Amino acid sequence: MTSPGYRRPLMMAAVAIAVLSLAAVAAVIAVAYNGGSAPVWVTSTALYGLPVAFMLAVVLVLDAVRQRRRQ
């Protein structure tokens, strides 16, 4: 899957995407609460960001399992 040198940057990317998409979810909720409509890019970030972050996390978990079985 991934080499050990790529685990930390991949984890940091997953965390950054998750935090950004959670902030986008909060923004969409705040705008909707005030009766408005959030911009498309904010809604898209909220909709697609968390699944991407979770997929990256699954890749990291599977890579860790593979590394443990190999040792």
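The structure we're discussing is the one just above.
Bear in mind the structure is a predicted one, so any value in this text is a computation, not a measurement. (Residues numbered from 1 in each chain as written. Predicted model: local features only at pLDDT ≥ 70, side-chain atom pairs only at ≥ 80, totals over all residues. Heavy atoms only, no water.)

1. What to know about the environment of A27
Relative to the helices and strands, A27 is located in helix α1 (residues 7-33). Among the residues examined, A27 registers a relative accessible area of 31% and is labelled partly exposed. Sequence separation between A27 and V42 is 15 residues; the distance between their C-alpha atoms is 7.7 Å. (Helix = DSSP H or I, 4+ residues; strand = E, 2+ residues; numbered from the N terminus. Buried < 20%, exposed > 50% of the residue type's maximum accessible area, 1.4 Å probe, protein only.)

2. Here we look at helix α2 (residues 40-70)
Along an α-helix, residues three or four positions apart point the same way, because every turn accommodates 3.6 residues. Along its 31 residues, α2 runs 45 Å from first to last C-alpha, staying within 8% of the 45 Å computed at 1.5 Å per residue. The largest bend in α2 is about 30°, located at Y48, with the proline P51 one to four residues further on. Considered for burial, the residues of α2 that qualify are V42, A46, G49, A53, L56, L60, D63 and Q67. Elements that come into contact with the buried residues of α2 comprise α1. (Expected span 1.5 Å × (residues − 1). Bend = angle between axes of the 7 residues up to and from the residue. Contact = heavy atoms within 4.5 Å.)

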